[in-house]
Amino acid sequence: DGGITQSPKYLFRKEGQNVTLSCEQNLNHDAMYWYRQDPGQGLRLIYYSQIVNDFQKGDIAEGYSVSREKKESFPLTVTSAQKNPTAFYLCASSQAGRRADTQYFGPGTRLTVL
Amino acid sequence: DQQVKQNSPSLSVQEGRISILNCDYTNSMFDYFLWYKKYPAEGPTFLISISSIKDKNEDGRFTVFLNKSAKHLSLHIVPSQPGDSAVYFCAAHDYNQGGKLIFGQGTELSVKP
């Protein structure tokens, strides 16, 4: 039963703390992505990785960091430097990063900063 | 600079009628377009896609039309059903931007019984 899992579903963080969001896929996809969704806005790309041990900044990378040590995993750390971290975070993966290909999404993590 | 725009934030249609969701883009180098459907607090699910070399792709009740000269695509849902009520995002793929997908702002479709 292949898919993308994100955990936790809901996450609460105190201001000034770093927090790491998990994303795992068993689809054998090469590319993985992190997006952020805010109310009334589309999905904005934070970071993406087309291959293990390599990743690139997206459109809104400031205050975030990622790692890609394994093909299946692409964790996102929201640091205290992120000015407005409360949002819905979505992870996605696709077969091949550069070629036109469908991205498949996980269920998302709702992060709330208290 | 919004490269992909969905100018209608919401759309309401009667069950059984046609829903038409529109999307405009500015970059003529986009080579692939996708539509996603999203329910609140869930991840988007892929609906249908179209390559830039085609002008129409059909899958059951869903048809996507691409007008390259106008840089416009549309998603038609016929007949609309209450379960189609969701937010619909169009997205464009640009090989020259590292294979990123660029999303529109979304259109919230409400299908009334």
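This report concerns the structure included in the present document.

Criteria and thresholds
- One numbering rule holds for all chains: residues counted from 1, following each sequence as written.
- All chains are assigned letters beginning at A, and all ligands numbers beginning at 1, according to the order in which they are written.
- This being a predicted model, a pLDDT of at least 70 is required before a residue's local features are given, and a value of 80 or more before pairs of side-chain atoms are given or counted; all residues contribute to the totals for chains, interfaces and linings.
- In computing side-chain values, all of the structure's heavy atoms are included and hydrogens and water are not.
- Grouping buried Ala, Val, Leu, Ile, Met, Phe, Trp, Tyr and Cys residues that are joined through side-chain atoms within 4.5 Å yields what is termed a nonpolar core.
- Working definition: with a 1.4 Å probe on protein chains only, accessible area under 20% of the residue-type maximum means buried, over 50% means exposed, and in between means partly exposed.
- Each helix is a run of DSSP H or I of at least 4 residues and each strand a run of E of at least 2, with the numbering of both proceeding from the N terminus.
- Only strands joined by at least two bridges in the DSSP assignment are considered to pair.
- Comment: axis = line fitted to C-alpha atoms, over the contacting stretch for helices; angle = value between 0 and 180 degrees taken between N-to-C directions.
- Each patch is assembled from residues with relative accessible area greater than 30% and no salt bridge, linking like charges that lie within 9 Å and nonpolar side chains (Val, Leu, Ile, Met, Phe, Trp, Tyr) that lie within 5 Å.
- Note on areas: Shrake-Rupley with a 1.4 Å probe; residue coverage comes only from the protein chains shown.
- What counts as a salt bridge is simple: a side-chain nitrogen of Lys or Arg found within 4 Å of a carboxyl oxygen of Asp or Glu.
- Here, two cysteine sulfur atoms that lie within 2.5 Å of each other are counted as a disulfide.
- Throughout, a contact is declared for two residues whenever any of their heavy atoms are within 4.5 Å.

The biggest cluster of nonpolar side chains holds 24 residues, and the ones touching the most others in it are Val-4, Phe-33, Trp-35, Leu-73, Leu-75 and Tyr-88 of chain B. Mapped by element, the contributors of at least two residues to this core are strand E3 (19-25), strand E4 (32-38), strand E5 (45-51), strand E7 (62-67), strand E8 (72-77), strand E9 (86-94) and strand E11 (107-112) of chain B. Per-element tally for this core: the top contributor is E9 of chain B, with four residues. By size, the runner-up hydrophobic cluster in this structure holds 20 residues, among which are Leu-21, Trp-34, Val-78 and Tyr-89 of chain A.

A word on the sheet that holds strand E3 (residues 19-25) of chain A. All names here are of chain A. Spatial strand order, E1-E3-E8-E7: four strands in an open sheet with antiparallel pairing. Looking at strand neighbours, the two that pair on one side only are strand E1 (4-7) and strand E7 (64-66), the edges of this open sheet. Ignoring which end each strand starts from, the neighbouring axes of this sheet average 20° apart. In terms of strand pairing, E7 meets strand E8 (residues 76-78) through three bridges, oriented antiparallel. Residue Val-66 lies in a different strand from E8, and its bridge partner there is Leu-76.

A grouping of Tyr-10, Phe-12 and Leu-114 of chain A is seen on the molecular surface, where their side chains present a nonpolar patch of about 390 Å² in accessible area. Following the sequence through the fold, Leu-114 of chain A ends up in the segment after strand E11 (109-113).

Turning to the state of the cysteines, a few remarks are in order. Residue and element names in this part refer to chain A. Applying the stated criterion across every chain yields a total of two disulfides over all chains. The disulfide partner of Cys-23 is Cys-91, and the S-S distance across this bridge is 1.9 Å. Residues Cys-23 and Cys-91 are joined by a disulfide whose S-S torsion is about -75°; by sign, that bridge is left-handed. Linking Cys-23 in strand E3 with Cys-91 in strand E9 (residues 87-94), this pair joins segments that are 68 residues apart in sequence.

A few words on the environment of Glu-72 of chain A. Residue and element names in this part refer to chain A. Tracing the chain through its elements places Glu-72 in the loop between E7 and E8. For the pair formed by Glu-72 and Gly-40, sequence separation is 32 residues and the distance between their alpha carbons is 31 Å. Once residues within four sequence positions are removed from consideration, Glu-72 is found in contact with Cys-23, Glu-24, Gln-25 and Met-32.

Moving on, we get to the pattern of salt bridges. Residues and elements named next belong to chain A. Tallied over the entire structure, the rule returns six salt bridges over all chains. In this structure, Asp-38 and Arg-44 form a salt bridge, with 2.8 Å as the shortest nitrogen-oxygen distance. Take Arg-44: its relative accessible area is 31%, and that puts it in the partly exposed class. Shared partners join several salt bridges into a network, and the residues in it are Arg-36, Asp-38 and Arg-44.

Now for the pairing of E11 of chain B. All names here are of chain B. Of the two faces of E11, the one lined by Thr-107, Leu-109 and Val-111 is fully buried and the one lined by Glu-108, Ser-110 and Lys-112 carries no buried residue. As paired strands, E9 and E11 are joined by three bridges and run antiparallel to one another. Within the sheet, the bridge partner assigned to Val-87 lies in E11 and is Glu-108.

A few words now on the side chain of Ser-94 of chain A. Within the secondary structure, Ser-94 of chain A is located in strand E9. Other than its neighbours up to four places away in sequence, Ser-94 of chain A contacts His-29, Asp-30, Ala-31, Tyr-33, Asp-101, Thr-102 and Gln-103 of chain A.

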